[in-house]
Amino acid sequence: MAHSLQTLHTFALTSQCQQFVKINNLEQLKTQSFKPPFCLLGEGSNTVFLNDYTGTVIKMATQGVQIKERANDYLISVAAGENWHQLVSELLAKNIPGLENLALIPGTVGAAPVQNIGAYGVELAKFVESVEYFDIANKTFNTLNNAQCEFGYRDSIFKHALKNKAVITTVHLALPKEWQPVLSYGPLQQLAAVTPQAVFEQVIATRNSKLPNPYTLPNAGSFFKNPIITNQCLAALLTTFADLPHYKHGAKHHKVAAGWLIEQAGLKGYRIAGIEVHKQQALVLVNYGQSQGSDLIAMIKHIQHSVFSRYNIMLEHEVRLINNSSECHITAEPTP
Ligand code: EPU
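About the thresholds
- Residues numbered from 1 in each chain as written.
- Predicted model: local features only at pLDDT ≥ 70, side-chain atom pairs only at ≥ 80, totals over all residues.
- Heavy atoms only, no water.
- Phe/Tyr/Trp six-rings, centres within 6.5 Å; stacked < 30°, edge-to-face > 60°.
- Helix = DSSP H or I, 4+ residues; strand = E, 2+ residues; numbered from the N terminus.
- Lys NZ or Arg CZ within 6 Å of the ring centre and 35° of its normal.
- Near = heavy atom within 4 Å.
- Polar contact = N/O pair within 3.5 Å; in protein donor to acceptor, adjacent residues only side chain to side chain.
- Areas by Shrake-Rupley, 256 points an atom, 1.4 Å probe, with all protein chains shown as cover.
- Contact = heavy atoms within 4.5 Å.
- Pairing = 2+ DSSP bridges.
- Domains from an automatic or database assignment.
- Buried area = accessible area lost by both parts, 1.4 Å probe.
- Salt bridge = Lys/Arg side-chain N within 4 Å of Asp/Glu carboxyl O.
- Buried < 20%, exposed > 50% of the residue type's maximum accessible area, 1.4 Å probe, protein only.
- Lys, Arg positive; Asp, Glu negative; His and termini not counted.

Draft legend 1. Structural view of the packing of aromatic side chains. Under the criterion given, the structure shown has 11 aromatic pairs. Summarising the aromatic geometry, the rings of W260 and Y311 are spaced 6.4 Å apart at their centres and angled 50° between planes, so their arrangement reads as tilted. Of the two residues, W260 sits in helix α6 (residues 258–264) while Y311 sits in helix α7 (residues 293–311), which places them 51 residues apart along the sequence. One aromatic cluster in this structure is built from F34, F38, F134 and F141. One residue, K177, lies across the ring of Y74, its end atom 5.5 Å from the ring centre. Geometry around Y153 places K255 over its ring, the cationic atom sitting 3.7 Å from the centre.

Draft legend 2. Structural context of the site of the ligand. Around the ligand, a shell composed of 23 residues is seen, among which Y120, Y153, Y185, E263 and A282 lie nearest. Here an oxygen atom of the ligand and a backbone polar atom of Y120 are 2.6 Å apart. Between S222 and the ligand, the recorded distance is 2.9 Å, taken from a backbone N or O atom to an oxygen atom. Protein chains shield 81% of the accessible area of the ligand, which is 810 Å² for the free molecule. Mapped onto the shell around the ligand, the elements with two or more residues apiece are β8 (118–119), α4 (196–210), β13 (219–222) and α6. Tallying contributions element by element places α6 first for the shell around the ligand, with three residues.

Draft legend 3. Structural context of the side chain of T108. Structurally, T108 is set in the loop between α2 (84–93) and β8. Separated by 3.3 Å, the side chain of T108 and the backbone nitrogen of A111 make a polar contact. Among residues more than four places away in sequence, those in contact with T108 are G42, E43, A80, G81, E82, N83 and W84.

Draft legend 4. Quick look at the sheet that holds strand β18 (residues 275–277). What the four strands build is an open sheet, ordered β13-β19-β18-β17; its pairing is antiparallel. Lying at the two open borders of the sheet, with one neighbouring strand each, are β13 and β17 (271–272). Relative to β18, β17 is paired through two bridges, and the arrangement is antiparallel. Each residue of the ladder has a partner; that of R271, found in β18, is E276.

Draft legend 5. View of the domain arrangement of the protein chain. Along its sequence, the protein chain is carved into domain 1 (3–60), domain 2 (65–176) and domain 3 (219–328). At the junction of the two partners, domain 1 supplies 18 residues and domain 3 supplies 22 residues. Taken as a group, F11, N46 and L50 account for 44% of the area that domain 1 buries against domain 3, more than any other trio of residues on that side. On the surface where domain 1 and domain 3 come into contact, there are zero salt bridges. Run the count over domain 1 and domain 3 and you get 11 residue pairs in polar contact (both at pLDDT 80 or more).

Draft legend 6. Region of interest: the side chain of E43. Within the secondary structure, E43 is located in the loop between β3 (38–41) and β4 (47–49). Lacking a salt bridge, the buried E43 has K59 as its closest oppositely charged neighbour, with an N-O distance of 6.0 Å. Separated by 3.2 Å, the side chains of E43 and N83 make a polar contact. Among the polar contacts listed, one links the side chain of E43 to the side chain of Y215, at a separation of 3.1 Å. Not counting residues within four places of it along the chain, the set of residues in contact with E43 comprises L8, H9, T10, K59, N83, G107, T108 and Y215.

Draft legend 7. Highlighting the pairing of strand β6 (residues 65–69). Of all five residues that make up β6, zero are buried, and the element is exposed over most of its length. Judged from the five bridges that link them, β6 and strand β7 (residues 73–79) form a sheet pairing that is antiparallel. Across the sheet, V65 pairs through a bridge with V78, a residue of β7. What sits between β6 and β7 in their antiparallel hairpin is a turn of three residues.

Listed below in structure tokens is the structure:
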């Protein structure tokens, strides 16, 4: 029977799915059918259902946090369905800091390794000891250590070799007892007293000032990835766009700020139906309602096209887009 997806993804398009299943315990996974098409979901904060989905949406809702004290760190084992921000807050309240730069990131713990969530100079990968997953084909539970997860910028093995093959069940995080604050991001350098709580509060204040709350104004966070370009391309761009924010990414590349590219292309506040380029942060698209998947696709292509014609960079969407039967990738034709 059709089930509404509007409240199951934070971009809140009015799509439906054919079947909806909630996984509350791991035993359920062994008997659950994974006949395609199916779509694994946490809180839907990085997934947009563009139209009605003909398959089964399987939401991971398992709960539980275990804390084990070791000589130099705490091992935190967290069930996939736990809310990420709640975990960060609860650990801080127990005097286990480390995750404060990642405060207020929407979504579940199980979704966090898939795109290697990151913010304000910290990525999840830094703390992952291992990830447990259910192997859909073999019906077994397996573990990957940090290196085996193949983490990259908003990337992991779960987007590649294990895509649609694994259900993340538990994430094990190692948080050192000796707190090492990461204060590289501008607003964190202004703190009067550097404590985990102060960093936590500053991150929350910064996010609240730029990023719309997905539960009050539907959105899916940063819509595009910050492009990674060669040092040579950067040098060429800087001759025309001297203010372009850029960050070193390995020896041969730089990451450039997609939000800046979009804003400077004059697109802040640009609207198609109810979808708007957010006025406080051009990398975020918001949905004021009365919008359809086709409006969002038109918006993505318009942004890609405008940015490409100005800077010769094709933006890649970071958000997972699901059409009627599978994930899809939107890329505008580069020529006008
Ligand atoms: N900028 C603009 N105009 C804009 C937006 C940004 O000029 O409209 C400039 C800023 O002034 C700044 C630079 O671009 O110089 C970077 O902006 P910001 O610090 O806001 O971060 P971001 O690169 O836009 C990334 C992550 C965010 C994360 C922040 C903070 C990606 C795709 N996004 O955004 O992650 O919170 O850094 O670390 O890497 C997410 O993934 O959903 C997300 C929100």
